[in-house]
Amino acid sequence: MIDCMRVLISGFEPFGGRDLNPTAFLIEALRHGEISYPPELVVESVLLPVTFQESYQKLRHTIEAFNPDVVFAFGQAAGRAAIELELRAENRIHAEVMDNNGARPTDMKISEHGAEFLPSTLPLQGIESALKDGGLPAALSRSAGTFVCNYIFYRMLEENLDTLRLCGFIHVPLLPEQVQGDLPSLPLAELKRGLELMLKYINY
Ligand code: PCA
């Protein structure tokens, strides 16, 4: 029998006064069967609240229930022009805006005795090349910020250190319809194609 690879994709609800989040659309597209991927993959998705209190809890429960081999966690990052593959999570939270619970922690460690940085366990260079070969803007990033995205990224890596699970975080640009002025953006169709390329690449 062929072994299936189990892949979990997470996205976030809108936050920070915006009413859209491209990564929520990505989850919706997966659920509507609009993302194609190799038949050897079993793909599950979860939409996370943008709160320090519940986001990681919900992700962890889904990881425990689904037991994925790979986790692609997605978040929106205003101002970024490419699909950015985060190299590492930082042991720090410092919120410039309130989360969706009204919480705004400043200059705090995520894990009292944890490492300052934890590296992504995804094959980032390969994924970057696959995206670029597909004609999409892609880059490696050294900072996932210090908000909820970095928080779940750090916690996920910290709790999975002793397993072979591949876990990573990917920040994506705003959608064109979210942008006023000259912030960069990427259409949803391109983002969906990016996810398809990632799923194809991970099935090597
Ligand atoms: N981006 C935020 C949190 C949710 C999201 O999509 C971040 O970069 O932390």
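Our subject in this report is the structure included herewith. From a predicted model like this one, the values you see are computed outputs, not experimental measurements. Starting afresh in each chain, residues are numbered from 1 along the sequence in its written order. Local features in this predicted model are restricted to residues of pLDDT 70 or higher, and side-chain atom pairs are both shown and tallied only at a pLDDT of 80 or more, whereas totals for entire chains, interfaces and linings draw on every residue. To get the side-chain values, take all heavy atoms of the structure and skip hydrogens and water.

Let us look at helix α5 (residues 188–202). Counting from the N terminus, the helices are DSSP H or I runs at least four residues long and the strands are E runs at least two residues long. The span you would expect from a helix comes to 1.5 Å times its residue count less one. Taking 1.5 Å as the rise per residue, α5 with 15 residues should run 21 Å; its terminal C-alpha atoms sit 21 Å apart, in good agreement. When α5 is considered as a whole, its buried residues turn out to be L191, K192, G194, L195, M198, L199 and I202. All buried residues of α5 fall inside an arc of 155° around its axis, so they share one side. Across from the buried face of α5, at angles greater than 90 degrees, the exposed residues are A189 and K200. A simple rule labels every residue: compare its accessible area, found with a 1.4 Å probe on the protein chains alone, to the largest value its type can have, and call it buried under 20%, exposed over 50%, or partly exposed in between. Arc, as used here, means the arc of the directions from the helix axis to the C-beta atoms.

Another aspect to go through is the site of the ligand. In this text, near means that some heavy atom of the residue lies within 4 Å of the molecule or strand in question. Around the ligand, the structure places F12, F15, N21, V50, G75, Q76, F147, V148, C149 and H171. At 3.0 Å from an oxygen atom of the ligand is found a side-chain nitrogen or oxygen belonging to N21. Contact between the ligand and Q76: an oxygen atom at 2.8 Å from a main-chain N or O atom of the residue. Accessibility throughout is a Shrake-Rupley quantity obtained with a 1.4 Å probe, and a residue counts as covered only by protein chains that appear here. Against a free-state accessible area of 260 Å², the protein chains account for coverage of 94% of the ligand. Broken down by secondary-structure element, the contributors of at least two residues to the shell around the ligand are β3 (70–76) and α4 (148–159). Here a polar contact means two N or O atoms within 3.5 Å. Within protein one must be a hydrogen donor candidate and the other an acceptor candidate, and residues neighboring in sequence count only if both atoms are side-chain atoms.

Here an angle of 0 to 180 degrees is reported between the N-to-C directions of two axes, which are lines fitted to C-alpha atoms, with helices fitted over the stretch in contact. At a closest axis distance of 10 Å, the pairing of helix α1 (residues 22–31) and α5 adopts a crossing angle of 60°. What the angle tells us is that α1 and α5 run oblique. Here the hand of the crossing between α1 and α5 comes out right-handed. Taking contact as the criterion, the partners of P22, F25, L26, A29 and L30 in α1 are, on α5, L188, L191, K192 and L195. Each angle gets one of four labels, with under 35 degrees taken as roughly parallel, over 145 as roughly antiparallel, 65 to 115 as roughly perpendicular, and the rest as oblique. In a left-handed crossing the near helix is turned counterclockwise from the far helix by less than a right angle, and in a right-handed crossing that turn is clockwise. The contact definition used throughout considers only heavy atoms, calling two residues in contact when any of these lie within 4.5 Å.

Take a side-chain nitrogen of Lys or Arg and a carboxyl oxygen of Asp or Glu: if they are within 4 Å of each other, that pair is a salt bridge. Taken as a whole, this structure holds 9 salt bridges when the rule is applied. Among the ionic contacts, a cluster of salt bridges with common partners joins R60, E64, R155 and E159.

Take the side chain of S111 next. Take S111: it is sitting in the loop between β5 (88–90) and β6 (117–119). Separated by 2.5 Å, the side chains of S111 and E158 make a polar contact. In this view, S111 contacts N91, Y154 and E158; residues no more than four positions away in its chain are not counted.

Looking now at the nonpolar core. The biggest cluster of nonpolar side chains holds 30 residues, and the ones touching the most others in it are F12, L59, I152 and M156. Of all the secondary structure elements, the ones that give two or more residues to this core are β1 (5–12), β2 (41–48), α2 (55–66), β3, α4 and β8 (166–172). Sorting elements by how many residues they give to this core places α4 first, with 8 residues. In contact with L59, other than residues within four places in its own chain, are L8, S10, V46, L48, I152 and M156. In this description, a nonpolar core means a group of buried Ala, Val, Leu, Ile, Met, Phe, Trp, Tyr and Cys residues linked to one another through side-chain atoms lying within 4.5 Å. Of all hydrophobic cores here, the second largest spans 28 residues; its members include V43, A138, L199 and I202.

Glancing now at the pairing of β3. Counting buried positions along β3 gives 7 out of 7 residues, so the element sits mostly inside the fold. Taking every second residue as pointing to the same face, both faces of β3 are buried, with V70, F72, F74 and Q76 on one and V71, A73 and G75 on the other. Two strands qualify as a pair provided that DSSP identifies no fewer than 2 bridges between them. Where β3 and β8 come together, 7 bridges link them in parallel fashion. Directly across from V71, in β8, lies its bridge partner C167.

A few words on the sheet that holds β3. Taken in spatial order, the 6 strands make up an open sheet running β2-β1-β3-β8-β4-β7, and their pairing is mixed. Across the chains shown, the open sheet's two edge strands, defined by having one partner strand only, are β2 and β7 (138–141). Strand after strand, the sheet turns through a mean of 25° between neighbouring axes, direction not considered. Across the sheet, α2 is in contact with β1, β2 and β3; its angle to β2 comes to roughly 160°. Across the sheet, helix α3 (residues 124–133) touches β3, β4 (83–86) and β7, and the angle it forms with β7 is around 155°.

On to the packing of aromatic side chains, then. In this scheme Phe, Tyr and Trp rings, the latter by its six-membered ring, pair at centre separations within 6.5 Å, and the angle between planes marks the pair as stacked below 30 degrees, edge-to-face above 60, and tilted otherwise. Counted according to the given criterion, the structure contains 4 aromatic pairs. Look at F15 and F147: their rings are 5.8 Å apart centre to centre, the planes differ by 40°, and that puts the pair in the tilted class. Taken as a pair, F15 in the loop between β1 and α1 and F147 in the loop between β7 and α4 lie far apart in primary sequence, 132 residues in all. A relative accessible area of 16% places F147 in the buried class. When the centroid spacing of 5.6 Å and the interplanar angle of 80° are considered together, the rings of F52 and F147 count as edge-to-face. With F52 in the loop between β2 and α2 and F147 in the loop between β7 and α4, this residue pair connects regions lying 95 residues apart in the sequence. Both residues of the pair, F52 and F147, count as buried.

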